[in-house]
Amino acid sequence: MVNQSLFDLTDRAVVITGAGGLLGKEHAIAVGRAGGTPVLLDVSPEALTAATQRLGAEGVSHLALEVDLTSEAQIAAAASKIKHQFGAVWGLVNNVASNPPMGAAAKGFDRLEAFPLTQWDHDLRLGLTSAFLCARQFGEQMASSGGGSIINVASDLALISPDQRMYAVGIPEGVPSPVKPVSYSVVKSALLGLTRYLATYWSPIPVRCNALVPGSVGGTQGPDLTRELTSRIPLARLAETDEYQGALVFLLSDASAYMTGSNLVMDGGRTAW
Ligand SMILES: NC(=O)c1ccc[n+]([C@@H]2O[C@H](COP(=O)([O-])OP(=O)(O)OC[C@H]3O[C@@H](n4cnc5c(N)ncnc54)[C@H](O)[C@@H]3O)[C@@H](O)[C@H]2O)c1
């Protein structure tokens, strides 16, 4: 019989970046269901409202802050507000990234030869620099209070290269097919390096740091891309939005007390093929 208290997050505040998005909301619900207090950071007031309504419906107490995670000053201001309210936080989920759904006319999906430096700078700033800035703020709080857990949300594309042929399927002749941007692979791969760095930096204080490596969630792609992706996944389906909740709680809680510097790959087997 598993000791359920291993997964308990009672009295633990967990900061989640990009918490109003598809997976961010699920991370917040997971923290709340495990007894913890999610602290939601997002730039979009609408996204925060939708997330807080869901948390409210479940009776989860939480804090939601409108923060632009590309701004060092806004992250610092949020960190001091959070510290004032909760003391040192227990957890940090570096979840935010520039990852809009793929589409023929989608912005930011230019081919490498035309990929704008401004887009590169933005994507690295949002997906990678924000993780560093948040780790600096909240990791320091964890270290001075004796411990905590940081999760960097990577992607299967941290381990494999995007198969660009998938994105061309179904695109009409003459229309340039989108590619998964170079910045996405770079950000996600770099997060694995940041994970190992942070996991050892505060040693031996147990400020643990692990990467969650999810595969694609279904429902946001068109039928062609869904079929292409599915054919490359041994479990023959994309993930449900709530399927990373268990892994998230595991990595945040004492159930993973002896795990740090690791990558928890949950991709339906995509990277095994
Ligand atoms: N959805 C997937 O299929 C999938 C698969 C693998 C990995 N991931 C990773 O999981 C994480 C979450 O993905 P998602 O699909 O939920 O993303 P999403 O695009 O649904 O959500 C991103 C959130 O970030 C917020 N945001 C954007 N810019 C911001 C800024 N400057 N400051 C603060 N907040 C900002 C948005 O408002 C949005 O709420 C990402 O790191 C993504 O790479 C997602």
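Above this text sits the structure in question.
Computed from a predicted structure; not experimentally measured. (Residues numbered from 1 in each chain as written. Predicted model: local features only at pLDDT ≥ 70, side-chain atom pairs only at ≥ 80, totals over all residues. Heavy atoms only, no water.)

Asker: Is there a simple way to think about the overall build of the chain in this case?
Answerer: Looking only at helices and strands, one finds eight helices and seven strands in the chain. In terms of C-alpha radius of gyration, the chain reaches 18 Å, essentially the compact-globule figure of 19 Å for 273 residues. Principal-axis analysis of the C-alpha atoms gives the chain an extent of 60 × 45 × 40 Å. Of all intrachain contacts in the chain linking residues separated by at least 6 positions in sequence, the fraction that spans at least 24 positions is 76%. (Helix = DSSP H or I, 4+ residues; strand = E, 2+ residues; numbered from the N terminus. Rg over C-alpha atoms; globule rule 2.2 N^0.38 Å. Contact = heavy atoms within 4.5 Å.)

Asker: What is the right way to read the pairing of strand 1 (residues 13-17) from this model?
Answerer: Moving residue by residue along a regular strand, the side chains alternate between the two faces of the sheet. The buried count for strand 1 comes to five of five residues, which makes it a mostly enclosed element. Side chains Ala13, Val15 and Thr17 of strand 1 all project onto a buried face; the interleaved residues Val14 and Ile16 project onto the opposite face, where all are buried too. In the classification by handedness, the crossover that spans strand 1, the intervening helix 1 (residues 22-33) and the parallel strand 2 (residues 37-42) is right-handed. Bridge analysis of strand 1 against strand 4 (residues 91-94) gives three bridges, and the strand direction is parallel. For Val15, the partnering residue across the bridge sits in strand 4 and is Leu92. (Buried < 20%, exposed > 50% of the residue type's maximum accessible area, 1.4 Å probe, protein only. Right-handed = clockwise from strand over helix to strand, strands pointing away. Pairing = 2+ DSSP bridges.)

Asker: Quick question: what am I supposed to make of the packing of helix 1 against helix 2 (residues 45-57) here?
Answerer: Two packed helices can be described by the angle between their axes and the distance between those axes. At a closest axis distance of 10 Å, the pairing of helix 1 and helix 2 adopts a crossing angle of 30 degrees. Between helix 1 and helix 2, the interaxial angle falls into the category roughly parallel. Crossing angle aside, the handedness with which helix 1 passes helix 2 is right-handed. In this structure, helix 1 contributes Lys25, Glu26, Ala28 and Ile29 to the contact, and helix 2 contributes Ala50, Ala51, Arg54 and Leu55. Residues that form the contact of helix 1 with helix 2 fall into these classes: five nonpolar, no polar and three charged. (Axes fitted to C-alpha atoms, helices over the stretch in contact; angles between N-to-C directions. Parallel < 35°, antiparallel > 145°, perpendicular 65-115°, else oblique. Left-handed = near helix turned anticlockwise from the far one by under 90°. Nonpolar A, V, L, I, M, F, W, Y, C, P; charged D, E, K, R; others polar.)

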